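# Structural overview for review
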Amino acid sequence: MSIDTIGVVGAGQMGNGIAHACALAGYPVVLVDVSQEQLDRALQSIGKNLDRQVSREHIDAAAKDAALERITTSTDNGRLADAGLVIEAVPEREDLKRKIYESLAATLKPEALIVSNTSSISITRLASATDRPGKFMGMHFFNPVPVMKLVELIRGMATEEATYEAVAEVTRKLGKTPAMAVDSAGFIVNRILLPMINEAVFALFEGVASVEDIDAAMKHGAAHPMGPLQLADFIGLDTCLSIMQVLHNDLGDPKYRPCPLLLRYVEAGWLGRKSGRGFYDYAGDEPVPTR
């Protein structure tokens, strides 16, 4: 099964990173979003990130220019008609993802594959909303996509072997390391990582330590590159909450109960770096703890 053109649906942080990685690897990319403004921002971000790679001598200027030329943007799903693989990278809402799959049914060629960048939702359940469950699976990238080497590959109950092999080949062509996970809530990384972050929020909520001390303890005591609360802000507190809710609902174990403080931050609109405020305030030159 040969993949020539790749479609990416959703031009947010993950979608533009995926488009960047695919184009740099030599694939023509069609990046689709409902908002032209979002598409324009995505191209600006991709350009800046490619410039950063040039300045660090990871790529040369010719590779940057070629990658940008391979990316086409559109607000029309019809532009995905020639894509051999479509990567859905919209926010972590199952209802939204299902609507995307329904809209793709009339557009894609019969042999096209669809993958979801979901970080926690059941692949088998998402596949049931498509017109091609055998040609559907999970392809979970990590942020920032151009830098992070891991891609989790998740088969649904109906995923065909040829689908898995084709997506694994694309993963390797992107220079990524594939890790196969069964279709269980949170897959590998988030099944382990998010409960740790949630426990750090509980430690803050219960007054065990301050934001700074929790993060310093895990950086210097466990050799983590960043503290769990700093990492939560980087991921997005709404995303962290969504994943914990999926773990709690799907697995039914009270140990996955989202911390009430995490819910309060999300309700306040304090979502982390992307909103300018989370466990840290990013208004100044240096982040300042908000608790």
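Scope of this entry: the structure provided in the associated data block. (Residues numbered from 1 in each chain as written. Predicted model: local features only at pLDDT ≥ 70, side-chain atom pairs only at ≥ 80, totals over all residues. Heavy atoms only, no water.)

### So, the overall build of the protein chain
Helix and strand content of the protein chain: eleven helices and ten strands. The C-alpha atoms of the protein chain give 19 Å as radius of gyration, which agrees with the globular expectation for 291 residues (19 Å, within 12%). Summarising its shape, the C-alpha atoms of the protein chain cover approximately 55 × 45 × 30 Å along the three principal directions. Within the protein chain, the fraction of its 291 residues that count as buried is 48%. Partitioning the contacts of the protein chain with sequence separation of at least 6, the portion at a separation of at least 24 is 65%. Here the protein chain displays about 13300 Å² of accessible surface, and carbon together with sulfur accounts for 52% of that area. Positive and negative side-chain charges in the protein chain, numbering 29 and 37 respectively, have mean positions lying 1 Å apart. (Helix = DSSP H or I, 4+ residues; strand = E, 2+ residues; numbered from the N terminus. Rg over C-alpha atoms; globule rule 2.2 N^0.38 Å. Buried < 20%, exposed > 50% of the residue type's maximum accessible area, 1.4 Å probe, protein only. Contact = heavy atoms within 4.5 Å. Areas by Shrake-Rupley, 256 points an atom, 1.4 Å probe, with all protein chains shown as cover. Lys, Arg positive; Asp, Glu negative; His and termini not counted. Charge placed at Lys NZ, Arg CZ, Asp CG, Glu CD.)

### A short note on the state of the cysteines
Counted under the stated rule, the structure contains zero disulfides. Cysteine Cys259 is unpaired, with the sulfur of Cys240 as its nearest cysteine sulfur at 12 Å. Given the relative accessible area of 0%, Cys259 is considered buried. (Disulfide = S-S within 2.5 Å.)

### Remarks on unusual backbone geometry
Excluding glycine, most residues fall at negative phi; most peptide bonds, likewise, are trans. Here Asn143 and Pro144 are connected by a cis peptide whose omega angle stands at 0 degrees. Locating Pro144 in the fold gives a position in the loop between strand E6 (136-141) and strand E7 (150-155). You will see that Phe187, though not glycine, has its phi angle at about 55 degrees, which is positive. Mapped onto the fold, Phe187 is located in the loop between strand E8 (177-181) and helix H7 (189-205).

### Brief notes about the environment of Glu37
Position of Glu37 among the secondary structure elements: in helix H2 (residues 36-55). Note: C-alpha distance between Glu37 and Ala11 (26 residues apart in sequence) is 9.9 Å.

### Details of helix H10 (residues 237-251)
The end-to-end C-alpha distance of H10, which contains 15 residues, comes to 21 Å, matching closely the 21 Å that a straight helix rising 1.5 Å per residue would cover. Regarding H10, the residues found buried are Leu237, Cys240, Leu241, Ser242, Ile243, Met244, Val246 and Leu247. Residues of H10 that are buried sit in contact with H7, helix H9 (228-235) and helix H11 (260-267). A positive backbone phi angle near 70 degrees is found at Gly252, which sits one or two residues after H10. (Expected span 1.5 Å × (residues − 1).)

### Section: the sheet that holds strand E4 (residues 85-88)
Strand order in the open sheet made by the eight strands is E3-E2-E1-E4-E5-E6-E7-E8, with mixed pairing throughout. Lying at the two open borders of the sheet, with one neighbouring strand each, are strand E3 (71-74) and E8. For this sheet, the mean angle separating the axes of adjacent strands, direction not counted, is 25 degrees. As paired strands, strand E5 (residues 113-116) and E6 are joined by three bridges and run parallel to one another. (Pairing = 2+ DSSP bridges. Axes fitted to C-alpha atoms, helices over the stretch in contact; angles between N-to-C directions.)

### Things to note about H7
Over its 17 residues, H7 extends 24 Å from the first C-alpha to the last, a length consistent with the 24 Å expected when each residue adds 1.5 Å. Taken as a whole, H7 has its buried residues at Asn190, Leu194, Pro195, Ile197, Asn198, Ala200, Val201, Phe202, Ala203 and Leu204. Each element contacted by the buried residues of H7 is listed here: E6, helix H8 (211-221), H9, H10 and H11. Looking one or two residues beyond H7, the residue adopting positive phi is Gly207, at roughly 75 degrees.

### Concerning the packing of aromatic side chains
We describe a pair of aromatic rings using the distance from one ring centre to the other and the angle between the two ring planes. Across all of its chains, the model carries four aromatic pairs by this definition. Between Tyr101 and Phe136, the aromatic rings sit 5.3 Å apart at their centres with planes inclined by 75 degrees, giving edge-to-face as the arrangement. Here the residue Tyr101 occupies a position in helix H4 (residues 94-104), and Phe136 occupies one in strand E6, the gap between them amounting to 35 residues. When its relative accessible area of 1% is taken as the criterion, Tyr101 is described as buried. The exposure class of Phe136 is buried, given its relative accessible area of 0%. Grouping aromatic residues by their ring pairs yields a cluster made of Tyr265, Trp270 and Phe279. When the ring centre of Tyr164 is taken as origin, the NZ or CZ atom of Arg155, which lies over that ring, is 4.0 Å away. Over the aromatic face of Trp270 sits the side chain of Arg277, whose NZ or CZ is 4.1 Å from the ring centroid. (Phe/Tyr/Trp six-rings, centres within 6.5 Å; stacked < 30°, edge-to-face > 60°. Lys NZ or Arg CZ within 6 Å of the ring centre and 35° of its normal.)

By themselves these figures say nothing about function.
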